[in-house]
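Here's the letter readout for the chains.
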Amino acid sequence: MRPSRVLIGDDHTLVVEGLRRILEPEFEVAGTANDGEALVREALRLQPDAIVINISLPLVDGLEAARRIKKRQPGVKIVFLTIHSNLGYLREAFRLGASGYLLKRSSGKDLLQALREAIAGRTYVGPETTKQIQDPELRKAFESGQVPELTERQREVLKLIASGQSDEEIARQLSITARTVRFHRVQIARKLGVAGPAELTKTAVAYGLVRPEQTFSGMGRHGA
Amino acid sequence: MKRPRLLLADEHQMVREGLQRILEPEFEVVGEAGDGRSLLLAAQRLRPDVALLEITMPLLNGIDAARQLRKLCPHTKLIFLTAHAGREYAIEAFRAGAAGFVLKRSKPEELLGAVRAAFQGKHYLSPDAGLSLAEVLREARHAGPEKPPLTPRQREVLQLVAEGRSNKEVATILNISLKGVEFHKSALARKLGTNRISEWTLYAIGQGLVFRSRGG
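Residues numbered from 1 in each chain as written. Chains lettered and ligands numbered in written order. Predicted model: local features only at pLDDT ≥ 70, side-chain atom pairs only at ≥ 80, totals over all residues. Heavy atoms only, no water.

K.L.:
Would you mind showing me how to read the overall build of chain B here?
P.N.:
Scanning chain B from N- to C-terminus turns up 10 helices and 6 strands. Over its C-alpha trace chain B gives a radius of gyration of 17 Å, about what one expects of a compact globule, namely 17 Å for 216 residues. Every one of the 216 residues in chain B was classed for burial, and the buried ones make up 57%. Looking at chain B alone, contacts between residues at least 24 apart form 63% of all its contacts between residues at least 6 apart. For chain B, the exposed surface amounts to about 9,200 Å²; the carbon and sulfur share of it is 51%. Taken together, the 33 basic and 24 acidic charged side chains of chain B have centroids lying 5 Å from each other. (Helix = DSSP H or I, 4+ residues; strand = E, 2+ residues; numbered from the N terminus. Rg over C-alpha atoms; globule rule 2.2 N^0.38 Å. Buried < 20%, exposed > 50% of the residue type's maximum accessible area, 1.4 Å probe, protein only. Contact = heavy atoms within 4.5 Å. Areas by Shrake-Rupley, 256 points an atom, 1.4 Å probe, with all protein chains shown as cover. Lys, Arg positive; Asp, Glu negative; His and termini not counted. Charge placed at Lys NZ, Arg CZ, Asp CG, Glu CD.)

Shown next, in the form of structure tokens:
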């Protein structure tokens, strides 16, 4: 039986070439793409069995590229390989019809397994991704792709948390009570599977709700 | 001739495994590390000829690890292999003692060339880094436009806090007392002008100490 044909989408050529060497004993690497637009083009041209996609692609990100590909080629199997362990991305991935999601901190063996599962018509979520979810119900939900969404209000609160506002300040800004803010905070942490101001801030940045200043050589807005 | 001995440091195992396959035909990969602290331990234990390291790594970032390695393992040539393409990163890398700076979007041949160059005592800089090798070496010779605002220890504490670790965890990882952690955090609060962890995290992200979402 011929080996399954895989397309790889990642903007880091060294990563792509490394993945090629990991996959080639078992799969045929039909092609590669360094950005989301090229990935959609190559998917149409090469008609692969499966695509390994990095979420953070230039021009068009991996999630959007996958959406477009799935529209015209619903049968192609998508496996996301990413640095983002944030559960919001995992939710998006399965909502658009992905078969697999694993982190780059997984091993090559995990990727091979993910592709086998995907091509066999099953789903795969990497062990590193679900490990961080303490709540067993939530973990089950994520593993089956049924992931709770953040409400509009929760996104608002998250943005303000990441901007460094206290619960009282947020309450005043949104005309709600501080207790309600704390309630939202708990719900947000539960849905995202993260807690604490550091993790919430990073999530807000990942969602594009807030931008860190590029302060490499200075203090940015705070001064020394 | 004996093959040069390499140590690979990158948070992501998938990346390390791929790199190993790219490098193995020509070099001997003697070890790997998934974070900056393991890198320090592995480098001292294995004494590799060359170490490849990423800038953003858990526990201790590549730039700060490089500064320590320069003293601990002066014979190990350091090559940054990174996703961070800005010229400031390149300058900081060479300032910290790097022999080479290669972007992850480069082709395998370029990485192999950089390792060969480092092994021969030469410098290498990816053409896409946004400045020439001559320029970066010139910039790197100066301490920088202003004195570094945070001490190395403060940067270590900042990175761990931005990674979401408790004071207790920070104390354990850095092998200092809880009071020591609190002392450094007060200094950080003073220098950063805020005691809000969310703002510390934004600053840490801007500095490349941590990635935007958990796990890198």
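K.L.:
Mind showing me how you'd approach the confidence of the model for chain B here?
P.N.:
For residues with low pLDDT, the predicted coordinates do not support detailed interpretation. Averaged over all residues, the pLDDT of chain B is 91; the fraction at 70 or higher stands at 94%. The complex model carries a pTM of 0.80, and its ipTM stands at 0.84. (pLDDT = per-residue confidence, 0-100.)

K.L.:
Can you help me understand the interface of chain A and chain B in this one?
P.N.:
Often, the extent of an interface is quoted as the loss of accessible area on bringing the components together. Taken residue by residue, the interface counts 52 residues in chain A and 51 residues in chain B. Along the contact surface separating chain A from chain B lie 2 salt bridges. Notably, a salt bridge pairs B:Glu11 with A:Arg105, separated by 2.4 Å at the nearest N-O pair. Counting across the chain A and chain B interface gives 12 residue pairs in polar contact (both at pLDDT 80 or more). Only α1 (13-23), β5 (100-103), α5 (108-119), α8 (152-162) and α11 (197-206) of chain A provide two or more residues apiece to the side of chain A that touches chain B. Per-class residue counts for the side of chain A that touches chain B are 20 nonpolar, 22 polar and 10 charged. (Salt bridge = Lys/Arg side-chain N within 4 Å of Asp/Glu carboxyl O. Polar contact = N/O pair within 3.5 Å; in protein donor to acceptor, adjacent residues only side chain to side chain. Nonpolar A, V, L, I, M, F, W, Y, C, P; charged D, E, K, R; others polar.)

K.L.:
Would you mind showing me how to read the nonpolar core here?
P.N.:
Inside soluble globular proteins, nonpolar side chains tend to come together where they are buried. Counting 43 residues, the largest nonpolar core has A:Leu23, A:Leu111, A:Leu115, B:Leu23, B:Leu52, B:Leu111 and B:Val115 as its most contacted members. In this structure A:Leu23 touches A:Val6, A:Ile8, A:Val29, A:Leu111, A:Leu112 and A:Leu115, once residues within four positions along its chain are discounted. Counting residues in hydrophobic clusters, the runner-up holds 40 residues, among them A:Leu209, A:Val210, B:Ala171 and B:Ala204. (Core = buried A, V, L, I, M, F, W, Y, C linked by side-chain atoms within 4.5 Å.)

K.L.:
Sorry, what's going on with helix α3 (residues 62-72) of chain B here?
P.N.:
In an α-helix there are 3.6 residues to a turn, and that puts residues three or four apart on one side. All names here are of chain B. Listing the buried residues of α3 in full gives Gly-62, Ile-63, Asp-64, Ala-65, Ala-66 and Leu-69. Among the structural elements, α2 (36-46), β3 (50-53), β4 (77-82), α4 (87-95) and α7 (152-162) are those in contact with the buried residues of α3. Among the residues of α3, the N-terminal cap falls to Asn-61, whose side-chain oxygen and the backbone nitrogen of Ile-63 are separated by 3.1 Å.

K.L.:
What exactly am I supposed to notice about helix α4 (residues 87-95) of chain A here?
P.N.:
Residue and element names in this part refer to chain A. Where burial is concerned, most of α4 is hidden: 8 out of the 9 residues are buried. Within the span of α4, buried status applies to Leu-87, Gly-88, Tyr-89, Leu-90, Arg-91, Glu-92, Ala-93 and Phe-94. Of the residues one or two after α4, Gly-97 is the one with positive phi, at around 105 degrees.

K.L.:
It is not clear to me how the pattern of salt bridges should be interpreted in this structure. Could you clarify?
P.N.:
A side chain with one charge can pair with a side chain of the opposite charge if their charged atoms come near. All names here are of chain A. Enumeration over the complete set of coordinates arrives at 31 salt bridges over all chains. Across the pair Arg-20 and Glu-24 runs a salt bridge, and its minimum N-O distance is 3.7 Å. A relative accessible area of 22% means that Arg-20 is categorised as partly exposed. In this structure, the salt-bridge partner of Arg-153 is Glu-156, at a minimum N-O distance of 2.8 Å. Placement of the pair is Arg-153 and Glu-156 together in helix α8, with a separation of 3 residues, close to one helical turn.

K.L.:
Whenever I open this one, the packing of aromatic side chains confuses me. Can you help?
P.N.:
The description of an aromatic ring pair uses the distance of the two centres, along with the angle that the planes make with each other. Residues and elements named next belong to chain A. Under the definition given, this model contains 1 aromatic pair over all chains. Ring geometry for Phe-80 and Tyr-101: centres 6.4 Å apart, planes at 45 degrees, overall tilted. Separated by 21 residues along the polypeptide, Phe-80 in strand β4 (residues 77-82) and Tyr-101 in strand β5 bring together distant segments of the chain. The class of Phe-80 is buried, set by a relative accessible area of 0%. Relative accessible area serves as the criterion here: at 0%, Tyr-101 is assigned to the buried category. (Phe/Tyr/Trp six-rings, centres within 6.5 Å; stacked < 30°, edge-to-face > 60°.)

K.L.:
What's the story with the packing of α8(A) against helix α9 (residues 167-174) of chain A in this structure? I'm lost.
P.N.:
Residues and elements named next belong to chain A. The geometry of α8 relative to α9 is characterised by a closest axis approach of 10 Å and an angle of 135 degrees between their N-to-C directions. Taken together, the axes of α8 and α9 lie oblique to each other. Remark: the crossing between α8 and α9 carries right-handed chirality. For the pair α8 and α9, contact is made by Arg-153, Glu-156, Val-157, Leu-160 and Ile-161 and by Ile-170, Gln-173 and Leu-174, respectively. Across the contact of α8 with α9, the residue classes tally to 5 nonpolar, 1 polar and 2 charged. (Axes fitted to C-alpha atoms, helices over the stretch in contact; angles between N-to-C directions. Parallel < 35°, antiparallel > 145°, perpendicular 65-115°, else oblique. Left-handed = near helix turned anticlockwise from the far one by under 90°.)

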